[in-house]
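Residue-level structural notes
Next come the chains, spelled out residue by residue.
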Amino acid sequence: MKHPSRPSPPPPVVAARRLLAALALAALAGCASSQTMESSIPPAGRPMWDRCSSSISAWCHRQGQGDPTLDRDCEENAAHDYGALADDVARRNYLTAHACAL
């Protein structure tokens, strides 16, 4: 009885190219999502957001327990929610609720 042959693994060069292509796509997706996230914040709220962005990222990292997809989703949602707030008082309250000391 003849055994079916297994396909041979791709040569190292092909595997490396596939890996590089996947990494490039991931980087482009990350850049695109951060630009979208940043554009949702109005100019009036930008100074406080910039001051607290590292705190928001850390807060999201804790919420997502280190899962990169959950971290990114949390940061996008936070930027969207923050961008929809009407005034500085609401923005300040939002940021302090998300671990930013203003």
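Residues numbered from 1 in each chain as written. Predicted model: local features only at pLDDT ≥ 70, side-chain atom pairs only at ≥ 80, totals over all residues. Heavy atoms only, no water.

1. A closer look at the pattern of salt bridges
Opposite charge on two side chains permits them to pair, given that their charged atoms come into close proximity. Taken as a whole and judged by the stated rule, the model has two salt bridges. D50 serves as the salt-bridge partner of R46, at 3.4 Å between the closest nitrogen and oxygen. Separated by four residues within a single helix, R46 and D50 lie in helix α2 (residues 46–64), roughly one turn from each other. In this structure D50 comes out as partly exposed when scored by relative accessible area, which is 45%. Between R91 and D88 there is a salt bridge, with the nearest N and O atoms lying 3.0 Å from each other. On the criterion of helical spacing, the pair formed by R91 and D88 is a turn pair, its members being three residues apart in helix α4 (residues 88–97). On the basis of relative accessibility, which here comes to 6%, the residue R91 falls in the buried class. (Salt bridge = Lys/Arg side-chain N within 4 Å of Asp/Glu carboxyl O. Helix = DSSP H or I, 4+ residues; strand = E, 2+ residues; numbered from the N terminus. Buried < 20%, exposed > 50% of the residue type's maximum accessible area, 1.4 Å probe, protein only.)

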